[in-house]
Number of protein chains: 2
Amino acid sequence: MALVVQKYGGSSVADAEGVKRVARRIAETRRRGDDVCVVVSAMGDSTDELLDLARQVSPLPPARELDMLLTSGERISMALLAMAIASVGLEARSFTGSQAGVITDAVHGRARIIDVTPGRIRDALDDGHVAIVAGFQGVSQTSKDITTLGRGGSDTTAVALAAALDADVCEIYTDVDGVFTADPRIVPTARKLDTVTYEEMLELAACGAKVLMLRCVEYGRRSGVPIHVRSSFSTKPGTTVTGSMEDLPVEQAIISGVAHDRSEAKITVVGVPDSPGKAAEIFEAVAAEGVNIDMIVQNVAATTGRTDVSFTLPKADGARAVERLTAIQEHVGFAQLQYDDQIGKLSLVGAGMRSNPGVSAQFFRAMSSAGVNMEMISTSEIRISVVTRADDLDLAVRTLHTAFDLDSADGEAVVYGGTGR
Amino acid sequence: MALVVQKYGGSSVADAEGVKRVARRIAETRRRGDDVCVVVSAMGDSTDELLDLARQVSPLPPARELDMLLTSGERISMALLAMAIASVGLEARSFTGSQAGVITDAVHGRARIIDVTPGRIRDALDDGHVAIVAGFQGVSQTSKDITTLGRGGSDTTAVALAAALDADVCEIYTDVDGVFTADPRIVPTARKLDTVTYEEMLELAACGAKVLMLRCVEYGRRSGVPIHVRSSFSTKPGTTVTGSMEDLPVEQAIISGVAHDRSEAKITVVGVPDSPGKAAEIFEAVAAEGVNIDMIVQNVAATTGRTDVSFTLPKADGARAVERLTAIQEHVGFAQLQYDDQIGKLSLVGAGMRSNPGVSAQFFRAMSSAGVNMEMISTSEIRISVVTRADDLDLAVRTLHTAFDLDSADGEAVVYGGTGR
């Protein structure tokens, strides 16, 4: 008898039919003999509808009250799910994040989980009940106020609960079949991975793969709970995120997949005086706006005594960053700002890259043969990322996928975790 | 500087405009220098919408989960109201029933308040904030589960909080101007009462006056908090429920008003053997169905050795009671059951009745002169109630209102609390 934590997203419980379908699925797991703890998101678009109401009464709603408002969404879906489970003959009890012991810091709207003390969940499971927990929410350790975890919060709730309960697996039910070697909408030959390491999944998530959020994978890696990403519309196994790169057999795959991201823009600060502290002034200014920058490239100044600094950032933060930098132009003494939101980011991720020095050469050769220009390059131990023109991104993804033998058609690709091809 | 508890019902906060209007009203009170604690109901029809969702997923939703579901309604309205107050420049904090310290028993759907420990509310008020509290809900002392208080629950929350906070007044904002001498839709000359005692209000509420629920008035009487019922659409004073009959000046009014009720039906059990225990068998059977009976009349048996027993009960419970009684007909040995849902109940309430023995004679004379037949009669120290044909009810109400000089047109009516005529 295993303990399974299952997480269902808003699209799985978008209406009464969806809630009932999920209830039947949970019942199947329970009747198989497993203990089941379920984390659920708000129904379909209900969070957006609540946000719309908030905007109608206040131009800038206080964050504490916005969290109070939004957490009602999961309250509704979890109670309905508990009712639906009861109506198929099982006992279920629903719990808010606070009741489930999800303790967070006090940063409303994007709180971090500090601790999980799931005493009431364990009691419910011991009583043979299905425990339903509201995703995305917790309670502040200091203020005792209700908090939300921000984007991907329900996945994080699920993995954190699974860790605290010492669950055998955390199943994340979603509307795709698992983690793919590339986005199947761009690469029709992309294949589902059966397993992938936490480290690779972290890189994929950070580089634009939307199936799992970074924070949830980080939590999984720290706790060692296997995360099984699978479809709520089929019973086929999905992708299990588990294991460390250190444990990979040497002969295993080089590359796990290609990720891409269209959500970033590029700012180039032209003609920065090449003296100590100038880069710091620029990035401190951007950081003061709360903007997360991603890639940074600085060319060493040659004879001019000036240098260009380029970095990427979320498009949504572009206007704020430009405004702030413009305000300090005179003080820093740079010549000009260039803002470019027509870029794409392309990343190749694979644990095997560490011991295969030829990967980056093969990467650049493929880009060159496809005629794709690379504007920025950044690498980690298991990842190579480049910035291209937005218009070149699809071609670049397909080219890389083929160049690294990831296509399913050839039947010969060696992909880490590809045992279930 | 006073401490005011204000309660706004669902119709006052039915949409974003309503929420903003209520926020402005609260701000006026706060800016006058008073501390304000607000209790708010769910928006408009949102509770019905949630009930509808529940029915879609389960034919018989578990009560615990139904409470979890329904309490999201107040969570939404209270957060929106806090936002709206913030946007007019004041600080506000919203609290669930549980956070506000509303401790109840564990009877889901109609929990009773056991205690109120409003520590967080007091802290918020001490910080100069407006405290917003979700009405209708609390937390069970034993199970720690979320409970709802049932019909009129938000009014009860407000009065209970006012008592626990030792507030100067509890203002109940509603869609009528206050408590009237009769329903103005039936009696156009009905007048608003400026004040009425708790005892009279209890009788009026029990006899069909819908403006305040019985439980809320009971709580007010026990704690002595004045309850000011007033319109959320005007700034005119409404009716204040306060004071004991014991404190009334002798020369004060005889009658405070006429109440009526169309929601009851009458069951007559014909030919009951006149032996000890037969009435008990009948009423035990009805009580076992959870039916609250109201008036009871039994005629003493004369020579037949048999008697007729009549009682009134909510129409909604009629079918169940009839079914149960039919099942025990042979055992009890009565001859026949009569069910009649075409009745009306009419009540005259007034603290001065106690020292005016002529009131009932005047009552019956008025009915007689109007040609209204009285089928059942029941009285308390400060109330006379009769059952009439449903078709006679409006005429009976108007006749009584005039007979006891309650009409506003004559300008001479002596009504208790009529100081503000």
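Residues numbered from 1 in each chain as written. Chains lettered and ligands numbered in written order. Predicted model: local features only at pLDDT ≥ 70, side-chain atom pairs only at ≥ 80, totals over all residues. Heavy atoms only, no water.

Going by an unreviewed UniProt entry, chain A carries the name Aspartokinase and comes from Pseudokineococcus basanitobsidens. Recorded in UniProt for chain A, the comment headed Catalytic activity (unreviewed entry) runs: "L-aspartate + ATP = 4-phospho-L-aspartate + ADP". (UniProt positions renumbered as here; feature names shortened; annotations may be inferred.)

For the pair chain A and chain B, the superposition axis carries a translation of 0.2 Å, the fit reaches an RMSD of 0.3 Å, and the rotation angle comes to 179°. Both copies of the chain, as the preceding transformation shows, are related through a two-fold rotation axis. When C-alpha distances to the rotation axis are compared across chain A, the minimum falls at Ser-72 of chain A, with a value of 2.7 Å. Interface overlap between copies is the fraction of interface residues in one copy that are interface residues in the other; for chain A against chain B it reaches 100%, indicating a shared surface. (Least-squares fit on C-alpha atoms with pLDDT ≥ 70 in both. Contact = heavy atoms within 4.5 Å.)

All names here are of chain A. With six of its six residues buried, strand S2 (residues 35-40) lies for the most part within the structure. Here S2 shows no split at all, with Asp-35, Cys-37 and Val-39 on one side and Val-36, Val-38 and Val-40 on the other all buried. As judged from the six bridges shared by strand S1 (residues 3-8) and S2, these two strands associate in the parallel manner. By the bridge assignment, Leu-3 is partnered in S2 with Asp-35. Both S2 and strand S6 (residues 130-134) contribute to a ladder of four bridges, which runs parallel. Along S6, the bridge assignment pairs Cys-37 with Ala-131. (Buried < 20%, exposed > 50% of the residue type's maximum accessible area, 1.4 Å probe, protein only. Helix = DSSP H or I, 4+ residues; strand = E, 2+ residues; numbered from the N terminus. Pairing = 2+ DSSP bridges.)

All names here are of chain B. Reading across the sheet, the four strands line up as S15-S16-S14-S17 and stay open at both edges, with antiparallel pairing between neighbours. Every other strand in the sheet has two partners, leaving strand S15 (296-298) and strand S17 (336-340) as the edge strands with one partner each. Sheet twist, expressed as the mean angle between neighbouring strand axes with direction ignored, is 15°. By the bridge criterion, three bridges tie S15 to strand S16 (residues 306-314) in an arrangement that is antiparallel. Residue Ile-296 lies in a different strand from S16, and its bridge partner there is Phe-311. Across the face of the sheet, helix H9 (residues 318-327) comes into contact with strand S14 (264-273), S16 and S17 while running at roughly 175° to S17. (Axes fitted to C-alpha atoms, helices over the stretch in contact; angles between N-to-C directions.)

Further remarks concern unusual backbone geometry. Even without being glycine, Lys-144 of chain A reaches a positive phi, approximately 65°. In this structure Lys-144 of chain A comes out as partly exposed when scored by relative accessible area, which is 48%. Look at Phe-136 of chain B: it is not a glycine, yet its phi comes out positive at around 75°. Residue position: Phe-136 of chain B is located in the loop between strand S6 (130-134) and strand S7 (137-140).

Moving on: the interface of chain A and chain B. Every contact between the two is made by 41 residues of chain A and, on the other side, 41 residues of chain B. At the boundary of chain A with chain B, total buried surface from both sides reaches about 3100 Å², with 66% on carbon and sulfur atoms. The largest per-residue losses of area from chain A upon contact with chain B belong to Val-57, Arg-75 and Met-83 of chain A, which jointly make up 24% of the total buried on that side. Residue Arg-120 of chain B pairs with Asp-145 of chain A through a salt bridge whose shortest N-O separation is 2.8 Å. Where chain A meets chain B, there are 18 residue pairs in polar contact (both at pLDDT 80 or more). If you list the elements that add at least two residues to the side of chain A that touches chain B, you get helix H1 (16-31), helix H2 (46-57), helix H3 (63-87) and strand S3 (92-95) of chain A. Considering every element that reaches the side of chain A that touches chain B, the biggest residue donor is H3 of chain A, with 17 residues. (Buried area = accessible area lost by both parts, 1.4 Å probe. Salt bridge = Lys/Arg side-chain N within 4 Å of Asp/Glu carboxyl O. Polar contact = N/O pair within 3.5 Å; in protein donor to acceptor, adjacent residues only side chain to side chain.)

What follows is about the packing of H2 of chain A against helix H3 (residues 63-87) of chain B. Interaxial distance between H2 of chain A and H3 of chain B falls to 8 Å at its minimum, and their mutual angle equals 30°. As summarised for this structure, H2 of chain A and H3 of chain B are arranged roughly parallel, according to the angle between their axes. Crossing angle aside, the handedness with which H2 of chain A passes H3 of chain B is right-handed. Contact residues: Leu-50, Leu-53, Ala-54 and Val-57 of chain A in H2 of chain A; Ile-76, Leu-80, Met-83, Ala-84 and Ser-87 of chain B in H3 of chain B. Among the residues making up the contact of H2 of chain A with H3 of chain B, the classes are represented as eight nonpolar, one polar and no charged. (Parallel < 35°, antiparallel > 145°, perpendicular 65-115°, else oblique. Left-handed = near helix turned anticlockwise from the far one by under 90°. Nonpolar A, V, L, I, M, F, W, Y, C, P; charged D, E, K, R; others polar.)

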